[in-house]
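Coordinates in review
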Amino acid sequence: MVGKKSGKALRDEGLERTDNNMELSSWPQIPAINQKNYYTDYLKRDDQNLAFRLQNEEARTKMTKKAKDHDRALAMAKTETAEGEGEADGDAQMEDAEETPAEMAGSKVIVIHMGSQNLRIGLASDALPKTLPMVIARKATTNESEDHDEPKPKRFKHDDGSEMEPEKAFGSEWSSHFNRMSADLKVHMRQNKRRMLPNSKEMVVNYNRRTVPEIISEHNDPMRAEWTELSNPPPEYIVGQPALRVPDSSKPRYKLYWPIRNGWCNEKDYTSKRSLFLDISLIVEDAIKNQLRLTSKKDWTQYSCVFVIPDLYDKSYVTQVLDMLMREFAFARVCFIQESLAATFGAGFTSACVVDIGAQKTSICCVEEGMCIENSRVNLKYGGQDMTETFVKMMLHDHFPYADINLRRRHDFLLAEELKKNICTMNEASVSPQVFDFHLRVAGQDTRKYTFKAFDEVHLAPMGVFEPAIFDNSDKITGRRTLIDRSVDIYDGSPNDPTSAAQSEILTAMAPPLPSHGKTNGESHSAASDVQATPSRPQHPLALSKVQDLEGTPRSSVAGSPGPENTGTPQAGGTNTPAATAAAAQPPRPPAVEDRDDIMPVFGLDSAILTSIAHAARSDEKKMRDFIGGIMVVGGGSLTSGFHLFLEERLQALRPGFSKEIMIGTPPRDLDPQVVVWKGASIFGKLSGTNDSWIGRLEYDRLGPRLMAYKCMWAY
Ligand SMILES: Nc1ncnc2c1ncn2[C@@H]1O[C@H](COP(=O)(O)OP(=O)(O)OP(=O)(O)O)[C@@H](O)[C@H]1O
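Now for a description of the structure that goes with this document. (Residues numbered from 1 in each chain as written. Predicted model: local features only at pLDDT ≥ 70, side-chain atom pairs only at ≥ 80, totals over all residues. Heavy atoms only, no water.)

**What about the site of the ligand?**
Stated precisely, the cut-off is as follows: Residues are classed as near a molecule or strand on a simple rule: at least one heavy atom within 4 Å of it. Two N or O atoms form a polar contact when they lie within 3.5 Å of each other; inside protein one atom must be a possible hydrogen donor and the other a possible acceptor, and for residues adjacent in sequence the pair counts only when both atoms belong to side chains. In this description, accessible areas are obtained by the Shrake-Rupley approach with a 1.4 Å probe, and a residue is regarded as covered only by the protein chains that are shown. The helix and strand labels rest on DSSP assignments: H or I over at least four residues marks a helix, E over at least two residues marks a strand, and numbering proceeds from the N terminus. Amino acids outside the nonpolar list (Ala, Val, Leu, Ile, Met, Phe, Trp, Tyr, Cys, Pro) and the charged list (Asp, Glu, Lys, Arg) are all regarded as polar, and Gly is one of them.
Ser116, Asn118, Gln360, Lys361 and Lys420 are the nearest of the 20 residues found near the ligand. A distance of 2.9 Å is found between an oxygen atom of the ligand and a backbone nitrogen or oxygen belonging to alanine 359. Between glutamine 360 and the ligand, the recorded distance is 2.8 Å, taken from a backbone N or O atom to an oxygen atom. The fraction of the free accessible surface of the ligand (660 Å²) that becomes covered by protein chains is 92%. Going through the elements one at a time, strand 2 (118–123), helix 13 (384–397) and helix 14 (410–423) are the ones with two or more residues in the shell around the ligand. Considering each element in turn, the shell around the ligand owes the most residues, three residues, to helix 14. Split into classes, the residues belonging to the shell around the ligand amount to two nonpolar, 13 polar and five charged.

**Some words on the pairing of strand 16 (residues 434–440)**
One face of the sheet, then the other: side chains in a regular strand alternate in exactly this way. To be explicit about the condition: At least two bridges found by DSSP between two strands are what make those strands a pair.
Summarising the sheet, strand 16 and strand 17 (residues 447–454) pair through seven bridges and their orientation is antiparallel. Among the inter-strand pairings, valine 435 is bridged to a residue of strand 17, identified as lysine 453. Connecting strand 16 to the antiparallel partner strand 17 that follows it, the hairpin turn spans six residues, and glycine 444 within it adopts a positive phi of roughly 75°.

**Some details on helix 12 (residues 339–347)**
The condition that has to hold: The buried label goes to any residue with under 20% of its type's maximum accessible area, the exposed label to any with over 50%, and the partly exposed label to all in between, with areas taken from a 1.4 Å probe on protein chains only.
Counting buried residues in helix 12 gives eight out of nine residues, a clear majority hidden from the surface. Three or more residues of helix 12 are buried, namely Glu339, Ser340, Leu341, Ala342, Ala343, Thr344, Gly346 and Ala347. Just downstream of helix 12, glycine 348 is the residue with a positive phi angle, here 80°.

**Describing helix 21 (residues 605–617)**
For clarity, the threshold we go by: Multiplying 1.5 Å by the helix residue count minus one yields the expected span of that helix.
Given a rise of 1.5 Å per residue, 13 residues ought to cover 18 Å, and the 18 Å separating the end C-alpha atoms of helix 21 matches this to within 8%. Of all 13 residues making up helix 21, eleven are buried, and the element is well covered by its neighbours. Buried residues of helix 21: Leu605, Asp606, Ala608, Ile609, Leu610, Thr611, Ser612, Ile613, His615, Ala616 and Ala617, and no others. Directly after helix 21, the chain includes arginine 618, whose backbone phi takes a positive value near 45°.

**Concerning the packing of helix 21 against helix 23 (residues 643–654)**
Two numbers describe a pair of packed helices, the interaxial angle and the distance between the axes. The criterion, for reference: For every element, the axis is a line fit to its C-alpha atoms; helices are fit only across the contacting stretch, and the angle between N-to-C directions ranges from 0 to 180 degrees. For classification purposes, an angle smaller than 35 degrees is called roughly parallel, one larger than 145 roughly antiparallel, one from 65 to 115 roughly perpendicular, and anything else oblique. Two helices that cross are described as forming a left-handed crossing if the nearer one is turned anticlockwise from the farther one by less than a right angle, and a right-handed crossing if clockwise. Contacts between residues were defined by any pair of non-hydrogen atoms, one from each residue, lying within 4.5 Å.
Following both chains from N to C, one finds helix 21 and helix 23 inclined at 65°, their axes separated by 9 Å at the closest point. The angle between helix 21 and helix 23 places the two elements in the roughly perpendicular class. As for the relative orientation of helix 21 and helix 23, their crossing is right-handed in sense. Of the residues in helix 23, those in contact with Leu605, Asp606, Ser607, Ile609 and Leu610 of helix 21 are Phe643, Leu647, Arg650, Leu651 and Leu654. Here the residues of the contact of helix 21 with helix 23 are counted per class, giving seven nonpolar, one polar and two charged.

**So, the environment of isoleucine 662**
The topology assignment puts isoleucine 662 in the loop between helix 23 and strand 19 (664–665). Judged by its relative accessible area of 3%, isoleucine 662 falls in the buried class. Along the primary structure isoleucine 662 and aspartate 626 are separated by 36 residues, whereas in three dimensions their C-alpha atoms are 9.2 Å apart. Setting aside anything within four residues of it in sequence, one finds isoleucine 662 in contact with Ile628, Glu648, Leu651, Gln652 and Arg655.

Structural data, given as C-alpha cells:
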C-alpha cells in the first residue's frame, strides 16, 4: 500500500505530490459532510414506529376483510336469485358463521376499577360490575387487631390505671375541635331558624351512659351473620367478601391486607413490592375466575382489558400493572383510562368538573371535550372511611354504649360502616337527639342489641370533608415510596410523574414550614418561592402567573439564572468574594412541592373544588361558569344523604358572585354514583375503530412500557 512506503520510495516511484501536482493516492477522497444539507428522517415518520405500523396493518386487514365479506355477500345474493330459494352453499354459510360469531360488543373485554376499599370488575357488555372488597386475608400468627394493641382498657385508662373519661380519650386538641364544630353548627342552625333543645348534648350523653345491651341468643337471632368457614387444611389466603367474614378469633389466625391505600399502593403494611403486587394479582385473578366465571386462565388470551387509573397516577404503578396484565394474565390487549374521564363517559357528559369521593381518597378534575385538564387535577387523601372513623370517635366521645368498638376488628368495621351509611346525614333538618339501635354480631358469641342516642355527630362526621383536620391524618403518608421508587426521566433523572398546578397549589398551602434553609437577612425561604423557581412545573397561582407573564422571555431567566431579581448574585466561577463563598456554602435547593413526600394532601373539599376549577378556567369567566355549573359528584362517599345540597351551599358561601350558577349534578339515568367510573370505562372498552390506545401483545413484547408514550391520550 502507498501509505506504508517511505518518503524516499515514493519519491523514487514519482508519486509524491510536490513532483507532479498529482494526488498521493488513487483512492477516492470523501469530503467532510456539509452540515447545512444534513438530513435524516430516522424516527421522524409514523411508519418507522411499530405501534403506528401495527395499527395501520390492523385497520388494513379489517378493511380487506370487510371488502371480501361485501363481495361474498353480493355473489351469494346473485347465486340465490339465479338458483332459486334455499340452495345456498352450506359450507360457505358455516365458514361465515365461524368468522363472525354473533358476539355482543364488549363481551370479550374485561373492565377493572380498583379502589382502596372496593374492586369493581365486569365484562364491558355487562350493565353493571361486580363489586367486592379489595382485600385478602392471609394465614398469620396474629390478626390485624392483635397487632395494634389499642382496645378499650388501654385507650380509656390513665397511665396510673384509673378510668379515663371518654371525652379525654382522643386528646384535648381533638376534643376542642369537635366542640368548636358542634358550637358552630348550633349557631348556623339558629341562623337558619331551626329549633333545637338547649341541652341536647347532655341528653344524649346521659342516655348513652345508662344504656346496657340486650342479649339475644344466637339461635334466636334471625339475621345472624354468616362467617367464613375454613376448609381443612385451611387455605393460605382468602379474598374478597369471604375474607372480611373470617372470624377474628379463627384458628389459624388470618390477617387482612388491603393492597391499595389512600388511592396509592399500600407501602405501609407490605414489606416488599413483590408481595404487594402478588396480592393485587391474586384478588383480580380470583374475581375474574369466580365473579366473571372465566375459570380457565388459558382462555384469557382472547380477552382484552380496560384498566382504570387515577388522574394523578404514579407511572411506576401503571408500568407494573401493565406488566401484570400482559405477562401474568396474558390478555390480548390492554388499555388505560383515567378515572374522571371515565366518569364523564359513564354519565354521558362531554365537559364537567368531576368530584370523586371514594373510601380513602377524593379526586377532582375538570374534563373538557373528552380530555382531562391536566392542571385542574387534585387528589386528596380522605374519603368515606374517614367519615366512618370520625363518626365512631365522636360517638365514643359522647359515651357510646359499645365503648369497646375497635375498627381494626372485622365485625366492628362492618358494623361502623353500616351505622354510618344508615345514620349520617348532611341534612341540617335531621340533626336532633334521636334513638338508634344496632345488633352486634361476633362469631361464636351471643348477639347483643344496643340502643343509643346521637345528636350532631351524624352531621359533623361527614362534614369533616370540609374540615379535614378533624380526621385522623397521622399515618396516611407513612411508608410512601419505601417499596416503589418514584419514576424518573431516563435522561436527566428528574422525577417525571404527572403533576398539576392545582395540586401543587394545595400542597404549597399544606407544606410544613421548611427548616431554616436558605434564610437571608432574617427572611424565611418559603416553599412558594422555591416553587416559583421551577418553571417547567408551574405551582402556585403566583408562580403560574409569573410564568405566563414571562411568555416570550427566555426560559432561562425564569429558571433562576441571573434575572432582574438576582442580578446581585455573583456568577458561578466568578471572583471569590465573601458573597460568592456564602452562596456556594448554601445547601442545595429543596425539591419542588410535588416531589416531596412529607406533605399530606388534605384540604377542605369546597376550596379544593374551586382551586381545580380556577386552574381549569384560567381566568376565562365563561369556562368558570361552565365548570361551576357542571360539578358532578360520584363515588361512594357522596352517597351521604343531603351531601349535594350541602356542598352547593358551601360553594355559594365561598363564591357568592356565582351563587346562581353553582350546580351539583348526579349521574343521569339513576346510575349508582359508585359505578359511574366503571360504566364509563366499559363504554370506552366497547368503542371500536376510534380507540387507539390498545396495547397489543406483539408491540408490548418488543417495546415494553415505552409504548405508553404512543398509546395514552394524555401526555405520559
Ligand atoms: N349509602 C352510603 N352512604 C354513605 N357512605 C357510603 C354509602 N355507600 C357507600 N359509602 C361509602 O363509600 C365508600 C366506598 O366508596 P367507593 O367504592 O367509591 O371507594 P373506593 O373506590 O373503594 O375507594 P377510593 O376511591 O378511595 O380508592 C366507603 O367509605 C363507604 O362507606
